[in-house]
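Residue-level structure breakdown
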Amino acid sequence: MSRVSLFVTCIVDQVFPKVGLAMADVLERLGYQIDFPEAQTCCGQPAFNSGFWDEARGVARHFMDVFEGAEYIVVPSGSCTSMCGHHFADLFQDDAAMLARAHAIESRVYEFSKFLTEVAQVEDVGASFAHTITYHDSCHALRELGVKAGPRKLLSRVRGLTLKEMDVAEECCGFGGTFSVKFPDVSGGMAQTKIDSILRTGASHIVSIDSSCLMQLQGVISRQGLPLETIHLAEVLASR
Amino acid sequence: MATARDEILGRIRTSLGRTGATGTPGGLPPVRLHIPEVPLEPRIQRFRAALEKLNGKVFRANSRDDARAYVESLLNGRPAVTSNAPFLNECGIGTIANVRAGGADREALRGMCATLDAGISSADYALSDTGSLVMIASHDEARLVSLLPPLHIALVPLDRLLTGLDELYTLLPVPSDRSSSMVFITGPSRTADIEQILVRGVHGPGEIHVVLV
Amino acid sequence: MNPIPVEAIQKAVGDSRLQAAIYSSTGRLMEKRAHSIEPEEIDDFQGLRTQANALKKHAIDNLDYYLEQLEQNVIARGGKVIWCRDADEAVQFVLNLSKEKGVKRIVKSKSMTTEEIDLNEHLEHEKIDVVETDLGEYILQLAHEKPYHIVAPALHKTRYDVADLFTETLHVAREEEPEKQTQIARRVLREKFLTAELGITGANFLIADSGAIVLVENEGNARLSSSAPRIQIAMAGIEKVIPRAQDLATFLKVLGRSATGQPLTVYTSFLSGPRRSGEIDGPEEFYLVLLDNGRTRLLADENKRQSLYCIRCGACLNHCPVYRKIGGHNYPWVYSGPIGAIISPQFHGVTKDPWLPFASSLCGACAEVCPVKIDIPKVLLELRADITLAKRREGAGKWERFAFKVFSYVMQRPKLYEMGSAMAAAVFPGSQGKWVRSLPGLLQGPPIKGWLSKRDLPPPAERSFRALWRERQRSKGAA
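As the structure is a computational prediction, the values presented were derived from the model and not from experiment.

Broken down by element type, chain C carries 22 helices and 10 strands. With the C-alpha coordinates aligned to their principal axes, the bounding extent of chain C is approximately 100 × 55 × 50 Å. In chain C, buried positions account for 55% of the 479 residues.

This is the structure:
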């Protein structure tokens, strides 16, 4: 079986480490040899999205150094995958050597659910999670990576799990990185629209492939004391 | 002194990284036209379905006399103005009571269109997939007949019913060779500007009847 | 540099009636669009988008050629072409022509380009009676407001607003039914159509091989404005030109569906020049005003040039979660929504409203629905890079720049990163893993404050992933 390198992302490393552990568990159970290059930090997206491209370049370069030679890089986040898999090239348009490295890494970076359905080609990972859940389509995963049916297939094979779709599954949760703090009223309003729709489904859990979306929604849930929990797809798939 | 025209063209060229005018540019994507094979009957059904969905009315006349009878009963004595389309004469529309010929005088025609209850025209083509009429301005068809009166009746011979836009643009690649105005009319005039509530007959006719002959 | 209009945004987001109006209107338009592009309704809609994008790219990349061809053909059909470098020249042309031809009354059909140059204000100043004839625009003209949405200008008005307006300005009996209100407008405006000497329209497309303009509408007011008066002026940005009439077979299929879910709008007019001999009615004089007003500047940037492909359908507005919260009046210019966010900075300079390209979560819903495939998020990112550079030059945004320099420095040095994370965990008030509602004053820098104003903040994990990983691997090794 192939070797898989984990890029857990800075937010999972620092705030939601269980997501990384869950992802590691699922991959090992499928027979993959996994490693965690300890020199990893961040993909640079916060700087890139804020227009600080010089600053982002340094971080991107570091990422490419750390993962040089990795066969597969698996990431529990759509937005970070999109950064490493698509936007590194935007940063190095004027540097042929770095651009080549950016292109070389593109085909090796996978968002976690996409790795499972397209590389591992599995749908049933032997999970059980007896709850009614709803699935939030994270924007980068949905629109840049084409991740839509995959997570739903994986969830459909989880024992005891019921999936109820919300009417606004594809609408943005309002995180958008620094957008959430620069435009808190709009960001908060967007989260509220999602939460209202989620409450109407009767689900107890919100599942997504991206921790930053879950952090945004959980923040509102916690503030308002709502009967909802957020959980990353990896954690659901690791549940037995 | 450079004219506005020269300056604008100059700025365009500079922005595009060129020094002067170019010849015919290469790389123009080929025209994308596809005419489906649709026999007459399904074409008529399609036209009817599309236009009736928009609250337009379609009547299939078996003959020119049949068409005339329909128009007469629809008008029910109300005054109407006709365009100069020869097909209307063939159908004897001019002999219906209270129907006046539009004629060729611009002011007189305008006056009639502004005051009478109905405008009767033919159409140069009809498009089946959208339920549209194609009206080309000419001596036969003035612009205002199908626009000012609140009711528009169009009599269209079946051999003018095309499958859709692609067929029209194949027949007529450069419509402005023919006329200063070509209009596609697809149903009655409408708006949803107030609270997204649909209202018909805003400025153009609120009622449209197409008689396929 | 204008600051973020925080209060205005808060007001809009907090106005539940407005939110309901925006949500239901844009929601309906989204649903109709979705239905109209299903495979049973139209074959290969995505292929049409690709074709539309390719045609626009070609036309814009060869803009000078097609404008010259357009001009030749307009003149050959008896029309005149007026090139205007900026808003002033365009306004002056209309004023001068009106004076020369003794125009006392003008009827106008909906045109964002004329909004862009504030045409009505200038005409009204010269005491020329100019009337908007599109129902939504007419309502706004009476209310002295700018459009709320590119396609549905009076989206924010209720029937009661309209009733108030009509009673006050038209001195008619109060009427609250939209159907009856429409009849009132129809009556009033009909008289204007029939007595105006000049009709001004915009143009959805300019056709180079035909010397023609295309007008797409549902009410009939564009047809009337272009057919009843003696003189017609069509005003359009230079970027509206497409190569061939036959290309409309592509563009018309994507425009109506993207805008309102209609395969074709009620009236699609293809007009070239004044009426010809033999024709009975139509204008006697036809002027096409080609407006630059900054478009040639947009053309210069290869990455952002695609902003000029826009066919003004409004789909990006309908699908934008930000537009749907802040509404059309919180954008600094007449063009709102995602398209407004990318063209306003390019027209007015990135430092005028530097917040605008950041007012987006980059969700990409706009790019997904754009009929001509403008990659709006990409242009937003490019603009953000431009703004950051501009701010540096002007010495603004020092704190943010410092923060990202630190970010970049630390993220390239794993040991420093780990030290930093340990420090953050230590400094964060002990919370036993519970999300926090507030932080002691010292820690509340603007980003934290912004976050906490709306939601709780998660604490740093007691042990980071890498610490847990090391332990996991150790216990595996031991097993």
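Right, let's get into the overall build of chain B. For chain B, the helix and strand inventory stands at 6 helices and 12 strands. Taking 17 Å as the expected radius of gyration for a compact globule of 213 residues, we find that chain B reaches 21 Å, considerably beyond that expectation. C-alpha extents for chain B along the principal axes are approximately 70 × 45 × 40 Å. Here chain B holds 213 residues, and the buried ones make up 49% of them. Contacts in chain B between residues at least 24 apart in sequence constitute 72% of all its contacts with a sequence separation of at least 6.

Residue and element names in this part refer to chain B. One open sheet accounts for 6 strands, arranged β1-β12-β7-β4-β2-β3; its pairing is parallel. Both edges of this open sheet fall to β1 (57-60) and β3 (99-101), since each of them pairs with a single strand only. Here the strands of the sheet are splayed against their neighbours by 20° on average, with no regard to which way each runs.

This part takes up helix α1 (residues 6-14) of chain C. For α1(C), the set of buried residues is C:Ile9, C:Ala12 and C:Val13. Relative to the axis of α1(C), the buried residues are bounded by an arc of 95° and lie together on one face. Looking at α1(C), the residues exposed on the side facing more than 90 degrees away from the buried face are C:Glu7 and C:Gly14. Taken together, the buried residues of α1(C) touch α11 (184-201) of chain A together with α2 (16-36) and α15 (323-326) of chain C.

This part covers the interface of chain C and chain A. Often, the extent of an interface is quoted as the loss of accessible area on bringing the components together. Each partner contributes to the interface: chain C provides 47 residues, whereas chain A provides 52 residues. Elements with a contribution of two residues or more to the side of chain C that touches chain A: α1, α15, α18 (376-394), α19 (398-411), α20 (414-427), α21 (446-452) and α22 (465-478) of chain C. For the side of chain C that touches chain A, a count of residues per class yields 26 nonpolar, 11 polar and 10 charged.

Quick look at the sheet that holds strand β6 (residues 212-217) of chain C now. The 8 strands lie next to each other as β8(B)-β5(B)-β6(B)-β9(B)-β9(C)-β6(C)-β5(C)-β8(C), forming an open sheet whose pairing is mixed. Both outer strands of the open sheet, β8 (161-162) of chain B together with β8 (241-242) of chain C, are each paired with one neighbouring strand and no more.

Residue and element names in this part refer to chain A. Its place among the elements puts Ser138 in the loop between β5 (132-135) and α8 (139-144). On the basis of neighbour counts, which here come to 28 C-beta atoms within 10 Å, the residue Ser138 falls in the buried class. The sequence separation of Ser138 and Glu171 amounts to 33 residues, and the corresponding C-alpha distance is 8.3 Å. When sequence neighbours within four positions are dropped, the list of residues in contact with Ser138 reads Gly78, Ser208, Ile209, Asp210 and Cys213.

Attention shifts here to the domain arrangement of chain C. Taken as a whole, chain C is organised into domain 1 (41-139 + 196-293), domain 2 (314-396) and domain 3 (428-478). Each of domain 2 of chain C and domain 3 of chain C was reduced to a C-alpha centroid, and the two centroids are 33 Å apart.

The next subject is unusual backbone geometry. Positive phi values are uncommon outside glycine, yet B:Asn55 reaches one of about 75°. Residue position: B:Asn55 is located in the loop between α2 (40-53) and β1. The residue C:Lys127 is not glycine, and still its phi comes out positive at about 60°. Mapping C:Lys127 onto the fold places it in the loop between α7 (119-125) and β3 (129-132). The exposure class assigned to C:Lys127 is exposed, which follows from the 7 C-beta atoms found within 10 Å.

Quick look at the interface of chain C and chain B now. Each side of the interface is counted separately: chain C has 75 residues, and chain B has 61 residues. Per element, the largest residue contribution to the side of chain C that touches chain B is 7 residues, and it comes from helix α10 (residues 178-195) of chain C. Tallied by class, the residues present in the side of chain C that touches chain B amount to 31 nonpolar, 26 polar and 18 charged. Pairing between strand β9 (residues 181-185) of chain B and strand β9 (residues 267-271) of chain C: 5 bridges, direction antiparallel. Across the sheet, residue B:Ile185 finds its bridge partner in β9(C), namely C:Tyr267.

There are 2 pairs of chains in contact here; the most contacts are made by chains B and C. For chain A and chain B, which are not in contact, the least C-alpha distance works out to 19 Å.

All names here are of chain B. Counting buried positions along β9 gives 5 out of 5 residues, so the element sits mostly inside the fold. The two faces of β9 match: Ser181, Val183 and Ile185 on one face and Met182 and Phe184 on the other face are all buried. Pairing between strand β6 (residues 132-136) and β9: 4 bridges, direction antiparallel. Bridge pairing links Ile136 to Met182 in β9.

All names here are of chain A. As a packed pair, helix α7 (residues 112-120) and helix α9 (residues 149-156) sit with axes 9 Å apart at the nearest point and diverge in direction by 75°. Overall, the two elements α7 and α9 adopt an arrangement that is roughly perpendicular. Across the interface between the two elements, Ser113, Lys114, Leu116 and Thr117 from α7 touch Gly150, Pro151, Lys153 and Leu154 from α9.

The next thing to look at is the environment of A:Cys80. Residue and element names in this part refer to chain A. Within the secondary structure, Cys80 is located in helix α5 (residues 78-91). Spatially, the C-alpha atoms of Cys80 and Glu106 are 12 Å apart, while their sequence positions differ by 26 residues. Not counting residues within four places of it along the chain, the set of residues in contact with Cys80 comprises Thr9, Cys43, Gln45 and Val75.

Membership of the largest hydrophobic core comes to 273 residues, with the highest contact counts inside it found for A:Val74, B:Ala126 and B:Val211. For B:Ala126, the residues in contact, after removing those within four places along its chain, are B:Phe47, B:Ser132, B:Leu133, B:Val134, B:Val156, B:Arg160, B:Leu161, B:Leu162 and B:Val210.

This paragraph deals with the packing of helix α9 (residues 159-170) of chain C against α10(C). All names here are of chain C. Across the interface, α9 lies against α10 with an axial gap of 10 Å and an inter-helix angle of 35°. You can see that α9 and α10 cross each other, and the crossing is left-handed. Residues Arg159, Val162, Phe166 and Leu170 of α9 pack against Pro178, Gln181, Ile184 and Val188 of α10. Each residue belonging to the contact of α9 with α10 can be placed in one class, and the counts come to 6 nonpolar, 1 polar and 1 charged.

What follows is about the environment of B:Ala85. Residue and element names in this part refer to chain B. Within the fold, Ala85 resides in the loop between β2 (80-82) and α4 (86-90). Along the backbone, Ala85 and Ala123 are 38 residues apart, and their C-alpha atoms lie at a distance of 8.4 Å. Excluding its chain neighbours within four sequence positions, the residues that come into contact with Ala85 are Ser121, Ser122, Asp140 and Glu141.

Time to look at the confidence of the model for chain C. Overall, the prediction assigns chain C a mean pLDDT of 94, with 98% of residues at 70 or greater. With a pTM of 0.96, the predicted complex shows an ipTM of 0.97.

So, about the pairing of strand β8 (residues 229-232) of chain A. Residues and elements named next belong to chain A. Pairing geometry for strand β7 (residues 205-208) and β8, over 4 bridges, is parallel. Residue His205 lies in a different strand from β8, and its bridge partner there is Glu229. Note on the crossover from β7 through helix α12 (residues 211-224) to β8: the handedness is right-handed.

Rules used throughout
- All residue numbers refer to positions counted from 1 along the written sequence of the respective chain.
- Following the order in which they are written, the chains are lettered starting with A and the ligands numbered starting with 1.
- The predicted origin of the model limits local features to residues at a pLDDT of at least 70 and limits the giving and counting of side-chain atom pairs to 80 or more, whereas totals for whole chains, interfaces and linings rest on all residues.
- Numbering goes from the N terminus for both helices and strands, where a helix is a DSSP run of H or I of at least four residues and a strand is a run of E of at least two.
- Exposed residues have 12 or fewer other C-beta atoms within 10 Å of their own C-beta, buried residues have 20 or more, and partly exposed residues fall in between, where C-beta atoms are placed from the backbone.
- With the radius of gyration taken over C-alpha atoms, the globule rule is written as 2.2 Å times the number of residues to the power 0.38.
- Placing C-beta atoms from the backbone, we regard two residues as in contact once those atoms come within 7 Å.
- The pairing criterion for strands is at least two bridges between them, as found by DSSP.
- Interaxial angle, 0 to 180 degrees, is taken between N-to-C directions of lines fitted to C-alpha atoms, where a helix line uses only the stretch in contact.
- Along the arc lie the directions from the helix axis toward the C-beta atoms.
- Residue polarity follows a fixed list, in which Ala, Val, Leu, Ile, Met, Phe, Trp, Tyr, Cys and Pro are nonpolar, Asp, Glu, Lys and Arg are charged, and the others, Gly among them, are polar.
- Domain delimitation follows an automatic or database domain assignment.
- In these notes the angle categories are as follows: under 35 degrees is roughly parallel, over 145 is roughly antiparallel, 65 to 115 is roughly perpendicular, and the rest is oblique.
- Residues enter a nonpolar core if they are buried, belong to Ala, Val, Leu, Ile, Met, Phe, Trp, Tyr or Cys, and are joined to the set through C-beta atoms within 7 Å.
- Note on convention: the crossing is left-handed when the near helix lies turned anticlockwise from the far helix by less than a right angle, right-handed when the turn is clockwise.
- Per-residue confidence from the prediction method is given by pLDDT, with values spanning 0 to 100.
- Clockwise travel from the first strand over the helix to the second, with the strands pointing away from the viewer, marks a crossover as right-handed.

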